[in-house]
Number of protein chains: 2
Amino acid sequence: MNTSLPPSGLSIAAVERDTGLAKDTLRVWERRYGFPAPARDSNGERVYPADQVDKLRLIRRLIDQGLRPAKLIGLEPTALSELLGGLGTAQPSADPARSAQFETILKFVRLHLHEDLRRSLQQLLMKLGLQRFVGEVLAPLNMMVGDAWLRGELEVPEEHLYTEQVQNLLRAAISSQAAASAGRPRVLLTTFPDEQHALGLLMAEAMMVPEGACCISLGTQTPLDDIRNAARAGRFDIVAVSFSAAFPARLALDGLRSLREGLGPDTGLWVGGAGITGQARKLPNVQVFASIDELPEALRSWREAHPAPDRA
Amino acid sequence: MNTSLPPSGLSIAAVERDTGLAKDTLRVWERRYGFPAPARDSNGERVYPADQVDKLRLIRRLIDQGLRPAKLIGLEPTALSELLGGLGTAQPSADPARSAQFETILKFVRLHLHEDLRRSLQQLLMKLGLQRFVGEVLAPLNMMVGDAWLRGELEVPEEHLYTEQVQNLLRAAISSQAAASAGRPRVLLTTFPDEQHALGLLMAEAMMVPEGACCISLGTQTPLDDIRNAARAGRFDIVAVSFSAAFPARLALDGLRSLREGLGPDTGLWVGGAGITGQARKLPNVQVFASIDELPEALRSWREAHPAPDRA
DNA sequence: ATTCATATTTTGTCCTGGACAAAATGTTGA
DNA sequence: TCAACATTTTGTCCAGGACAAAATATGAAT
């Protein structure tokens, strides 16, 4: 039941897409470390065997976790997998019942039981309310899904399925609560270019809308200049940006500093997500959230510091 | 109110991100056509002035429309803009009242009046019902937004704003109608890798769910093999794939042929979107939709051809 | 005149191997 | 513990040659 004859390996462009490693990087690794060592087709072009691509994927994930290529490239795939396994960060929930529930949900994801997945999430949402649902369920679940993905226990379709279902749930819940347009503060949400993960944004929105904030999301991947311009033109009080674990911290810091300058001093810059936590002290005048639970409290503080104007 | 001193131009990587033109392509154009002609920094690296990047963006859009680089690179930006203007495809709606309504909505997008935008879309949705809303409002509106974007009348944030609002509306509407899990047929929706546009998928879902189909969306960018595997494992009756205008037709055709083979003969392959219309005859055994309006009828035909089994 | 097969041009991607700056790490001294 | 400096690691850039796939032009045959 194989596909066909020739494609017994991937081109360098395909490997770039699959692993996220730039063509230049693939070539320079080969030159320096002797790995990967792709075959060549009749045309002298690289043809990467599947097992080397798998190993590259593992290496990529470990690099994203902060390890360095030279230490990884020589290792066996099994050793790499072990490293990956040791890196799981999600500590099991304190509440064993809740913890078991999460395992069940993860099982639904693994088995593509979208209907069961939808139903269990929906029930939890109904039971806990939007804010607690995000803080107590989605936050840890995301970590678990992320860890599972890291160690290769989940494939692309499973991850997509989870994301879609959560997105549906959150968008519906947010729509139904949409605050009056006069809500305060006015918050602009988005991510930087190259950051595709929309869940963080939605979760933030779900935390803030019930507090009466007026949230406008631009979705993912807004160029820096456009964020600045949109924030000014729309007279927003706060710009909120989210970063997933894979986002290079360097890019985030540079971009945030530049954005911080571009926004007026009256506009708050709130950021969060695994890609940025712990960088707080390097970001003056930027509010860095270690956990999404802090958002409601932060909103309340903002309100105290910015009493509503008399009324226009 | 400029940013700072040094960045009076973009690096080749930044231009790649901004224009979608590969670094190799940028360098080879420079070598062959003498354009772009970037300055060099102290390090000998290319620094592209903003006006050249703007022209590159125009060229890129025209190439996506089927024109060829050699004919474009010599032209003045004004001439390029004219070409772009002549390419608008959306003929004004037959109904003048409706047409005026669309213009109003577009104005809201342009002015970032998210609240008004949301309200007008919501009203139309309520008035027309989900299916007619998608077919009679969103389809033409998408064309208008696409055209405006093409000729540079809309920027990134406006386009994002529109997409987000529509997505919120559609997801909420779909959730509220979600069919019983036993719905037929079982439809798997997704896009190919490198295709980021999710609206087509949502619109398709919105057309099918009210007909009682059981739709599972994987969101955008699922690798081909994963689509095949997911379709088999989930015993889907139909796989639906959508292509935006910018998607290279070649990639779409190749991918679809390969996917067609990979799916069993009992699984339907339904495709649509501006990137694929008109290619129908090159795709045997693939159902190509010229308009999203055809979906409900196609579902009914499918049901006739596949009478429900006795009941398990 | 339309379709089909074959030449020609255009165009994007790949190649090698050298270079260099930014980031990470190691070292030293307060 | 922190700061300043030296060293290594690492990713990205460059030039300029090559080639195959796509697009177009040319010609033959229906």
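Residues numbered from 1 in each chain as written. Chains lettered and ligands numbered in written order. Predicted model: local features only at pLDDT ≥ 70, side-chain atom pairs only at ≥ 80, totals over all residues. Heavy atoms only, no water.

Novice: Looking at this structure, how should I read the protein's contact with DNA strand C?
Specialist: The local shell around DNA strand C holds 23 residues, among which Lys23(A), Arg27(A), Arg46(A), Arg250(A) and Arg32(B) are the closest. One of the backbone N or O atoms of Pro69(B) is found 3.4 Å from a phosphate oxygen in DNA strand C. At 3.1 Å from a phosphate oxygen of DNA strand C is found a main-chain nitrogen or oxygen belonging to Ala70(B). Contributions of two or more residues to the surface near DNA strand C are made by helix H1 (12-19) and helix H2 (23-33) of chain A together with helix H2 (23-33) and helix H4 (69-73) of chain B. Residue composition of the surface near DNA strand C, by class: eight nonpolar, three polar and twelve charged. (Near = heavy atom within 4 Å. Polar contact = N/O pair within 3.5 Å; in protein donor to acceptor, adjacent residues only side chain to side chain. Helix = DSSP H or I, 4+ residues; strand = E, 2+ residues; numbered from the N terminus. Nonpolar A, V, L, I, M, F, W, Y, C, P; charged D, E, K, R; others polar.)

Novice: Could you clarify how one ought to interpret the side chain of Ser217(A) in this entry?
Specialist: If you trace the backbone, Ser217(A) turns up in strand S4 (residues 214-217). By relative accessible area, Ser217(A) is classed as buried at 8%. A polar contact is formed between the side chain of Ser217(A) and the backbone nitrogen of Gly219(A), at a distance of 3.1 Å. Polar side-chain contacts of Ser217(A) include one of 3.5 Å to the side chain of Glu164(B). (Buried < 20%, exposed > 50% of the residue type's maximum accessible area, 1.4 Å probe, protein only.)

Novice: Would you mind showing me how to read the packing of helix H6 (residues 96-110) of chain A against helix H8 (residues 130-150) of chain A here?
Specialist: How two helices sit against one another is set out by the angle between their axes and by the gap between those axes. Residues and elements named next belong to chain A. Viewed as axis vectors pointing N to C, H6 and H8 meet at an angle of 55°, and their least axial separation amounts to 11 Å. Judged by the angle between their axes, H6 and H8 are oblique. As H6 packs across H8, the resulting crossing turns out to be right-handed. Here Arg-98, Phe-102, Glu-103, Ile-105 and Leu-106 of H6 come into contact with H8, specifically with Glu-136, Val-137, Pro-140, Leu-141, Met-144 and Val-145. The residue makeup of the contact of H6 with H8, split by class, is eight nonpolar, no polar and three charged. (Axes fitted to C-alpha atoms, helices over the stretch in contact; angles between N-to-C directions. Parallel < 35°, antiparallel > 145°, perpendicular 65-115°, else oblique. Left-handed = near helix turned anticlockwise from the far one by under 90°. Contact = heavy atoms within 4.5 Å.)

Novice: Looking at this structure, I do not really get the sheet that holds strand S6 (residues 268-272) of chain A. What am I missing?
Specialist: Sheet strands pair by backbone hydrogen bonding; their relative direction is either parallel or antiparallel. Residue and element names in this part refer to chain A. Reading across from one edge, S4-S3-S5-S6-S7 is the order of the five strands in this open sheet, with parallel pairing throughout. Two strands in the sheet have a free side with no partner beyond their single neighbour: S4 and strand S7 (287-289). In this sheet, adjacent strand axes meet at a mean angle of 20° when their direction is disregarded. For strand S5 (residues 238-242) and S6, the ladder comprises five bridges, and the chain directions are parallel. Looking at S6, one finds that Val-241 is bridged to Val-271. Contacts from helix H11 (residues 224-233) reach strand S3 (186-190) and S5 within the one sheet, and its direction differs from that of S3 by about 165°. (Pairing = 2+ DSSP bridges.)

Novice: Would you mind showing me how to read the protein's contact with DNA strand D here?
Specialist: Around DNA strand D, 23 residues are found, and the nearest of them are Arg32(A), Lys23(B), Arg27(B), Arg46(B) and Arg250(B). Counting only atoms of DNA strand D within 4 Å of the protein, the sugar-phosphate share comes to 72%. At a separation of 3.4 Å, a phosphate oxygen of DNA strand D approaches a polar side-chain atom of Asn43(A). Backbone polar atom of Ala70(A) to a phosphate oxygen of DNA strand D: 3.1 Å apart, as the coordinates give it. Going through the elements one at a time, H2 and helix H4 (69-73) of chain A together with helix H1 (12-19) and H2 of chain B are the ones with two or more residues in the surface near DNA strand D. By residue number, the principal contributor to the surface near DNA strand D is H2(A), which donates six residues. Its residues assigned to classes, the surface near DNA strand D comprises eight nonpolar, three polar and twelve charged.

Novice: Looking at this structure, I do not really get the sheet that holds strand S4 (residues 214-217) of chain B. What am I missing?
Specialist: Residue and element names in this part refer to chain B. Spatially, five strands are ordered S4-S3-S5-S6-S7 in an open sheet, and the strand pairing comes out parallel. Only two strands of the sheet have a single neighbouring strand rather than two, namely S4 and strand S7 (287-289). If you compare each strand with its neighbour and ignore which way they point, the axes differ by 20° on average. With respect to the sheet, helix H12 (residues 249-262) is in contact with strand S5 (238-242) and strand S6 (268-272), its orientation differing from that of S6 by roughly 160°.

Novice: Teacher, can you tell me more about the interface of chain B and chain A here?
Specialist: Interfaces are often sized by the accessible area lost when the parts come together. Every contact between the two is made by 36 residues of chain B and, on the other side, 37 residues of chain A. Between chain B and chain A, roughly 3100 Å² of surface is buried when both sides are summed, and carbon and sulfur atoms account for 53% of that area. Linking chain B with chain A are two salt bridges, by the criterion used here. A salt bridge links Arg171(B) to Glu164(A), with the shortest nitrogen-to-oxygen separation between them at 3.1 Å. For the pair chain B and chain A, the interface holds 15 residue pairs in polar contact (both at pLDDT 80 or more). For the side of chain B that touches chain A, the leading source of residues is helix H9 (residues 156-177) of chain B, giving ten residues. (Buried area = accessible area lost by both parts, 1.4 Å probe. Salt bridge = Lys/Arg side-chain N within 4 Å of Asp/Glu carboxyl O.)

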